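Here is how the chains run, residue by residue.
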Amino acid sequence: MRRKNRADLFAEAVARRNFDEMPILELGIDPQLHLSRNDVAQPFFLICEHDCVIAQMSGTARIEFRAASVNYFDLVLGDFVYVPGGTPHRLVPSSTSVHLRYKADDPGLEAVAWFSPATGREISRVVWDCATELPQEAYLRACTSFNATPSLRTCRASGEVLPPIDLTPFNWQAVAQEIRAAEVSERERAARRGLSFEVKPRDDRTFCPPPTHTEPLRTNVYDFVRSATTQLNPLFPYLGPGCIVPCSAMHDPDFRGAMGYFLHENTQQEVNVCFGARSSFRAPGQVFVGPLHHGVGNKPSPDDIDLDKHGVGERPGNGDRADMIAIAVITQRQAIDTPQREAVSIVCEKCDTQLHRHPYDAHAFPDAIETDDPVLLGLPTISQDAWMFEQVNRDPSMRTCKSCGHVNPKFPMQYWGWADYRRRTHVAVQARKTMADAAPSSSVSRSREKMTLAQQGSDEGSRQ
Ligand SMILES: [Zn+2]
């Protein structure tokens, strides 16, 4: 299989089988997508050093956890599950399921483990380094030695012996060969572009999950988008270093009006998967990864601009029809130990000259706010975009082209909902503060504070 940054995941899934975990995107795309079509239970618990996210693309399944704050989630179409680094987890399909796993491009260490069904205790585990061994090679190696070695199957506490694993539903040897062959051509292609994706093998076997404390979470994308007030709304409140951040976008131009057009620069890649579409150039199950510097929205053609004499921005584009709807999940992986920067800019709709560019730190909120809690701050990108476009819409000189003199129309904020998100972030932070201040425990501590001050006052008075 040739790896590519534009693919139909349902078409690719036809050739996939149980826990293939086939990487789909080109080498170096982070997060990478791994595809499986599962109809038997995963024969072990998988442990990934880094966080991963699993999406239920079809069918129904249960995901079980060990050593976690939840035991399991039952999964239906559109469910996204956040699996924190270091958490043992296993998929058990109840009907044939297409599963998509979002995972670090450099996954570091991984392991499989077996637990006693009676006591829940870990019986054995096999660890590998993804720099030297493919997961599929390791699955096969681990299961083969599990079957051949009774001690790996025997619970030391209870003496219970787990049965050997039937390996006939799995195709890991052939899958590994396919991945190795694809990686050779990927590395040759990268070398021609002067790039290298070599990963140094580790000399330790100690799991170092990302520095974010997280518990497993589940969100259904169709339930989520209904109440999401902005485009690019993060599905999970996990936005720290190493986090995988799936964000929803709902396209409904007939209701929301024109999209407008802007340019976005990001140090992190954006993996865009369509979770349903009608009358659109997008199709259900399609994935694409664009360049780090890309256009967003509908770029109007010169004819559109002339037709739109009132400047209301009613402009078709991109081959979508009037009754177009689409839901997309756009996912990036947060940088670890490297600066994460973005920029948004607008260009003149007549001559493409840059009108304004706003670069920012991806973790910084655009204006003063009384919190540094990353969960409360949400995804600062959204508030940064809102801040920039509000400025540009207030000030016609920022929309006037220095090359051709054209006064560009205001940017259609309504379509994107960013201003709502920024405003609601401020309201949530301020309301939370009034709640924390009003709670009885703080009143007690405040009255204690007053008592202490009164005490100090009388002490000082007695000294006089
Ligand atoms: Zn111009």
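What counts and how
Residues numbered from 1 in each chain as written. Predicted model: local features only at pLDDT ≥ 70, side-chain atom pairs only at ≥ 80, totals over all residues. Heavy atoms only, no water. Helix = DSSP H or I, 4+ residues; strand = E, 2+ residues; numbered from the N terminus. Buried < 20%, exposed > 50% of the residue type's maximum accessible area, 1.4 Å probe, protein only. Contact = heavy atoms within 4.5 Å. Areas by Shrake-Rupley, 256 points an atom, 1.4 Å probe, with all protein chains shown as cover. Lys, Arg positive; Asp, Glu negative; His and termini not counted. Charge placed at Lys NZ, Arg CZ, Asp CG, Glu CD. Donors = N, O, S within 2.8 Å, 3.2 Å for Na, K, Ca; no water. Tetrahedral: all angles 85-135°; square planar, octahedral: opposite > 155°, others 65-115°. Polar contact = N/O pair within 3.5 Å; in protein donor to acceptor, adjacent residues only side chain to side chain. Pairing = 2+ DSSP bridges. Axes fitted to C-alpha atoms, helices over the stretch in contact; angles between N-to-C directions. Parallel < 35°, antiparallel > 145°, perpendicular 65-115°, else oblique. Left-handed = near helix turned anticlockwise from the far one by under 90°. Nonpolar A, V, L, I, M, F, W, Y, C, P; charged D, E, K, R; others polar. Phe/Tyr/Trp six-rings, centres within 6.5 Å; stacked < 30°, edge-to-face > 60°. Lys NZ or Arg CZ within 6 Å of the ring centre and 35° of its normal. 1 Å grid on protein atoms, 1.4 Å probe; cavity = no way out; pocket = protein on both sides within 12 Å on 5 of 7 lines; lining within 4 Å. Points joined across faces, edges and corners; volume = space filled by probe spheres on them.

### With respect to the overall build of the chain
And step 1. Looking only at helices and strands, the chain has twelve helices and 22 strands in total.
And step 2. The principal-axis extents of the C-alpha atoms in the chain amount to approximately 85 × 75 × 40 Å.
And step 3. Per-residue burial over the chain gives 50% buried out of 464 residues.
And step 4. Counting only contacts in the chain whose residues sit at least 6 apart along the sequence, the fraction spanning at least 24 positions is 68%.
And step 5. About 22300 Å² of surface is accessible on the chain, with carbon and sulfur atoms providing 53% of the total.
And step 6. Taking the 51 positively charged and 58 negatively charged side chains of the chain as two groups, their mean positions are separated by 1 Å.

### Quick word on the coordination of the zinc ion
And step 1. Distances from the zinc ion to its protein donors, namely Cys348 (SG), Cys351 (SG), Cys401 (SG) and Cys404 (SG), fall within the range 2.3 Å.
And step 2. The coordination sphere of the zinc ion comprises four donor atoms, whose angles at the metal cover 97 to 118 degrees; the geometry is tetrahedral.
And step 3. In the primary structure, the donors to the zinc ion are separated according to the pattern C-x2-C-x49-C-x2-C.

### Quick word on the environment of Asp129
And step 1. Along the chain, Asp129 falls in strand β12 (residues 122-129).
And step 2. Of the residues examined, Asp129 reaches a relative accessible area of 2% and is grouped as buried.
And step 3. For the pair Asp129 and Asp367, spaced 238 residues apart in sequence, the C-alpha to C-alpha distance is 43 Å.
And step 4. With near-sequence residues (within four places) excluded, Asp129 lies in contact with Gly108, Leu109, Pro201, Arg202 and Arg205.
And step 5. Within the structure, Asp129 has its side chain in polar contact with the backbone nitrogen of Ala131 (distance 2.9 Å).

### As for the sheet that holds strand β15 (residues 244-251)
And step 1. Strands sit in the order β1-β18-β17-β20-β15-β14 across an open sheet of six strands; the sheet is antiparallel. Every interior strand has two partners, whereas the edge strands, β1 (6-8) and β14 (233-234), have only one.
And step 2. Bridge count between β1 and strand β18 (residues 286-289): three bridges; the pairing is antiparallel. In the sheet register, Asp8 faces β18, and the bridge partner there is Gln286.

### Some thoughts on the packing of helix α2 (residues 135-148) against helix α4 (residues 172-192)
And step 1. Relative to each other, α2 and α4 sit at 155 degrees, their axes nearing to 8 Å. Taken together, the axes of α2 and α4 lie roughly antiparallel to each other. Taken as a pair, α2 and α4 cross one another with a handedness that is left-handed. For the pair formed by α2 and α4, the contact residues are Gln136, Glu137, Tyr139, Leu140 and Cys143 on the first element and Trp172, Gln173, Val175, Ala176, Ile179 and Arg180 on the second.
And step 2. Residues of the contact of α2 with α4, tallied by class, amount to seven nonpolar, two polar and two charged.

### Focus: the packing of aromatic side chains
And step 1. Applying the stated criterion across every chain, the model contains 22 aromatic pairs.
And step 2. A centroid spacing of 5.1 Å and a plane angle of 80 degrees characterise the contact between Phe45 and Phe115, whose relative ring orientation is edge-to-face. Taken together, the residues span a long stretch of sequence, with Phe45 in strand β4 (residues 45-48) and Phe115 in strand β11 (residues 109-115) at a distance of 70 residues. Assigned by exposure class, Phe45 and Phe115 land together as buried.
And step 3. With 6.2 Å between their ring centres and 40 degrees between their planes, Phe80 and Tyr102 make a pair best called tilted. One end of the pair, Phe80, is in strand β8 (residues 79-83); the other, Tyr102, is in strand β10 (residues 97-103), with 22 residues separating them in the sequence.
And step 4. Exposure remark for Phe80: the relative accessible area of 0% places this residue in the buried category.
And step 5. For Tyr102, a relative accessible area of 0% translates into the label buried.
And step 6. One aromatic cluster is present, formed by Phe262, Phe389, Phe411, Tyr415, Trp416 and Trp418 through successive ring pairs.
And step 7. The lysine or arginine in question, Arg66, covers the ring of Phe115, its NZ or CZ lying 6.0 Å from the ring centre.

### Remarks on empty space enclosed by the protein
Using a probe with the size of a water molecule, rolled over the atoms, empty space left in the structure can be pinpointed.
And step 1. Under the definition given, this model contains one cavity of 30 Å³ or more.
And step 2. In this model, the largest cavity occupies a volume close to 80 Å³.
And step 3. In terms of lining, the largest cavity is formed by Leu232, Val245, Cys247, His264, Asn266, Glu270, Ile330, Thr331, Gln332, Glu342, Leu379 and Thr381.
And step 4. Mapped by element, the contributors of at least two residues to the lining of the largest cavity are β15, β16 (261-266) and β20 (325-333).
And step 5. Taken together, the residues of the lining of the largest cavity break down into five nonpolar, five polar and two charged.

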